[in-house]
Structure formats: structure tokens, C-alpha cells
Amino acid sequence: MPEAATRLTSPLSSSKRIVELDGLRGIAILLVLIWHFFAIPLRESHSFFSRAVAAAGILTWSGVDLFFVLSGFLIGGILLDSVDSPRYFKVFYLRRFFRIVPIYVLTLLAFWIGCAWYRKSPSPLWSPLFSNSLPWYAYASYMQNLWMAMRNTLGAGWMGATWSLAVEEQFYLGLPILVRTMRTSRLLWLLLLLVASAPVLRTLLYFGTPAGPNAAYVLMPCRADALLLGVTAAILLRRGDVWAWLVQNHAKLFQVSLFLGIGVVLFIVRGWGLLTFPMTTLGYTWMAMFYLSILMMAILPGANRLKHCLRSKYLTGLGTISYCVYLIHGPVYDVSYALLKKESPALRNFSDLGVTLLVVFLTISIATLSWKFFEKPMVRRGHTYTY
């Protein structure tokens, strides 16, 4: 069946908002918060219960991988649906600019001001936030992941999480060109080839350099498999025959998801977490495929408990503000502990738990205000440019 015909028969379109994907985005940022606020601090505890909770949360860092899959699916869909527009490149990059850059610039300016203050009055209390900073131009150009790989560090804590932004922005420099210039069938094969090459590259890095595990974690070609899988799904689900088959074989998709989920449970039981050999080689791709299967079940028609859960106003609301939450949760966490407890973040007692819960409240409150009064107007400004 010709590509144009199959695209017309598929109900999937980037112009139609899928509420369940906001819910998935909410789950992604929730996993990231659990990782940083609970799983990491509890690993240092001597309590059996606390260490058991930390072990159960060993994969919550993978919320970032869920973000990658979602981003590839949504952005890939936008590019596919607008590929024939004469303003294809201009509108895409202008919309990306207004969505991503303004709030990132504010975060970066706050970080640079903090660094200047820290250099004048250095203190061990603020060292995790500002010491070990990467060059300013690395952050300004979304190239910090390259320095992180070369130096085997995530740099200053304030900006440590931004490696994933660098991965995405580097990825979206090339994808629009591929979508615009290649036939969809050839593009699909290329994407699958690149997905398969990511674990190979990570394996070579793991054994090839002392900083291999960290480099494999933060470099774009190594982590592009999650983004590429999202784009691949966007292509396939725009084919009417693929969509119809999936609708008729919902149970098979569930079985695939269950099989992948069993693998995720195995990772947890065996303790194969971040930067371990099994995770670095095949694990990242496995996690991405698991999240992709969940995404596909979420968007296919029909009522089920998963869709009902993802439509929760709490998850969708959290998903809406997730970008700002991701950018600021680390700084809010460290600053709150420094000011309130005069020490680094931890979870040793109920006092620490209270501070951590306060941090969650502050992070969500700030992000909500940012969305309402800053980010949302910027997004609207970006959408004044139409394909």
C-alpha cells in the first residue's frame, strides 16, 4: 500500500492531543524525582528497610529514557505530518526554540550567578552545586554531554541533569533533514539500523576507555536508540495497516510488554542498575523498548486501566510542568538542605523526610508558576508560526 494512502487511513496525527501521553510524561518525571530524592539517599542508609526501598528503585533513573521515547514519538510525528510544508525547517526550529531555550537560559543564568558568588565565598556546603563546573560555552551550546564524557563527570550538580537536554538537541539537529530527504520506507530501515548500533557503540566504549560507562550514558549516539524507537513508532503507527493490526491484536502487544517487563524485574532483582555492564550494553535499549510498548498500549483505542490511570489529572498536570521540574529539582533540593539543615541532602530520619517532602512541594509549585506565567506564553508565541 502506498505510504500516502496508509497515512490517510491512520487516525494518528500530531495535531490531536493525546492526554495519555501527558500522563506518561508525568510518570517519567515522577520516576526521576523518586531516583534523586529517595532511591539515591536511601542507598547510604544502614536500615534494611531503607536499603530494600532503594534496591526496588534502582531503575527509577530510567524516567529519562521514557522522556526520550516520548520525545522521539511526538517530535517524529510532528516532522512526518509537516514534511511537505514549505516552512518545514523554520517552523520546527522556532517552535523548539520557544519551548526549550527560554526556561533553560533562565536556569543557566541562575547557575552562572551562583558560580560567581561561590568563587568569592567558597564553602563545602555549596560545593556540590557549583564546583567542578564545565566551561560556560559547553552549557550554552548544549554540548555539555561531550565534556561530561571526556572528564568522566556530570559536572556541577546544578546543571548535572542537563546532559539529557544536550542529547535531545543534538539529535534534533539531524532528524528533520533525514525525514525531509528520505523516503519513509528507507528512513525506517535506517532508524532500525541506528537503534541496533547503539548497544554496539556503548559496548565498545565500556571496554575501550576508563570513562566508558559514563560516556555511554551521556553521549547522543549511545542514547539515541530510545529517541529512534519513538520515531520508528511514529512512522509505523501512521500506516493504516499497522494501526489496524495492532488494534486487532491488542493481546499480543500486551504479551510483548509483559515479556519486556519481566526483563525489567530481572534487572531490579539482579541489581543491574545505572552504569553496570548489562545495563550499559543492552539494558538501555531494553528499557526503551519496554517504555515504547507501554506508550503504544496507551494510545491504541479502547478502555483499559492503563489509559484510565494515565488520564489522571495529577499525572497529566505533572506531565505538563515536567520540563521545569526536571531543570530545577536538583538545585531546589540542594539549596533547601543547605539553608534548612546546613548539610548535604540525606534521608536519615523524619526531619530529613520532612525537608524532602517540602522540596517536592516547592519544586512543583515553582514549576506550576513557571508554566502558567512564563513557559505557556512562550509556547503560544512559538505556535504563532504555522506549517
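Okay, so let's go over this structure. (Residues numbered from 1 in each chain as written. Predicted model: local features only at pLDDT ≥ 70, side-chain atom pairs only at ≥ 80, totals over all residues. Heavy atoms only, no water.)

## Some words on the overall build of the protein chain
To keep it simple, the criterion reads: A run of DSSP states H or I qualifies as a helix once it reaches four residues; a run of E qualifies as a strand once it reaches two. Both are numbered from the N-terminal end. Within these notes, the globule rule equals 2.2 Å times the number of residues to the 0.38 power, and the radius of gyration is based on C-alpha atoms. Each residue is placed in one exposure class: buried if its accessible area under a 1.4 Å probe, protein chains only, is under 20% of its type's maximum, exposed if it is over 50%, and partly exposed if it falls in between. Pairs of residues are marked as contacts when any of their non-hydrogen atoms sit within 4.5 Å. We get accessible surface area from the Shrake-Rupley algorithm with a probe of 1.4 Å; when it comes to residues, only the shown protein chains can shield them. Only four residue types enter the charge count, namely Lys and Arg as positive and Asp and Glu as negative; His and the chain termini do not. A charged residue contributes its charge at one atom only: NZ of Lys, CZ of Arg, CG of Asp or CD of Glu.
Per the secondary structure count, the protein chain includes 19 helices and zero strands. Relative to the compact-globule value of 21 Å for 387 residues, the protein chain shows a C-alpha radius of gyration of 21 Å, a close match. Overall size of the protein chain, expressed as C-alpha extent along the three principal axes, is 65 × 45 × 45 Å. Expressed as a percentage of the 387 residues in the protein chain, the buried residues total 51%. Counted over contacts in the protein chain with a minimum sequence separation of 6, partners at least 24 positions apart contribute 75%. By element, 70% of the accessible surface of the protein chain is carried by carbon and sulfur atoms, the whole surface being about 18300 Å². Counting 34 positive and 15 negative side-chain charges, the protein chain places the averaged centre of each group 4 Å from the other.

## Here's the deal with helix α15 (residues 277–299)
The cut-off we apply is this: Here the expected length of a helix is defined as 1.5 Å per residue gap, with one fewer gap than residues.
Here α15 contains 23 residues, and its C-alpha end-to-end distance of 33 Å stays within 8% of the 33 Å for a straight helix at 1.5 Å per residue. Counted residue by residue, α15 has 18 buried out of 23 residues, so it is predominantly covered.

## What to know about a nonpolar patch on the surface
Counted only if it meets this: Like charges within 9 Å and nonpolar side chains (Val, Leu, Ile, Met, Phe, Trp, Tyr) within 5 Å are joined into patches, using only residues over 30% in relative accessible area that form no salt bridge. We count a salt bridge whenever a side-chain nitrogen from Lys or Arg sits within 4 Å of a carboxyl oxygen from Asp or Glu.
A cluster of nonpolar side chains, F89, Y93, L173 and I177, forms an exposed patch at the surface whose accessible area comes to about 350 Å². Of all the secondary structure elements, the ones that give two or more residues to the nonpolar patch are α5 (88–120) and α9 (163–181).

## Some words on the nonpolar core
Selection criterion: Throughout, nonpolar core names a set of buried Ala, Val, Leu, Ile, Met, Phe, Trp, Tyr and Cys residues whose side chains join them through atoms within 4.5 Å.
Grouped together as the largest cluster of nonpolar side chains are 114 residues, with contacts concentrated most on F73, Y104, F111, W163 and L295. Looking at this core, the element that brings in the most residues is α15, giving 13 residues. Once you skip the residues sitting within four places of it in the chain, F73 turns out to touch L12, L21, G230, V231, A233, A234, L237, L295 and I299.

## Observations concerning the pattern of salt bridges
Overall, the coordinates contain 15 salt bridges when judged by the stated rule. For E20, the salt bridge goes to R311, with nearest N and O atoms at 2.6 Å. Of the two residues, E20 sits in helix α2 (residues 19–42) while R311 sits in the loop between α16 (305–310) and α17 (313–320), which places them 291 residues apart along the sequence. Residue classification places R311 among the partly exposed residues on the basis of a relative accessible area of 46%. E169 is the partner of R96 in a salt bridge, and the nearest nitrogen-oxygen pair spans 2.7 Å. With R96 in helix α5 and E169 in helix α9, this residue pair connects regions lying 73 residues apart in the sequence. The exposure classification of R96 matches that of E169, with both residues buried.

## Focus on the packing of aromatic side chains
Applied cut-off: In this scheme Phe, Tyr and Trp rings, the latter by its six-membered ring, pair at centre separations within 6.5 Å, and the angle between planes marks the pair as stacked below 30 degrees, edge-to-face above 60, and tilted otherwise. Counted as over-ring charges are cases with an Arg CZ or a Lys NZ within 6 Å of the ring centre that also lie within 35 degrees of the ring normal.
Taken as a whole, this structure holds 30 aromatic pairs when the rule is applied. Taking the centre distance of 5.5 Å and the plane angle of 75° together, the rings of F111 and Y139 count as edge-to-face. Taken together, the residues span a long stretch of sequence, with F111 in helix α5 and Y139 in helix α7 (residues 136–140) at a distance of 28 residues. Since its relative accessible area comes to 0%, F111 is described here as buried. Both rings, one in W136 and one in Y137, keep their centres 5.7 Å apart while their planes meet at 80°; by these two values the pair is edge-to-face. Since its relative accessible area comes to 43%, Y137 is described here as partly exposed. A connected cluster of aromatic rings, assembled from ring pairs, spans W61, F68, W163, Y217 and Y284. Taking NZ or CZ as reference, R223 lies 4.2 Å from the ring centre of Y284, over its face.

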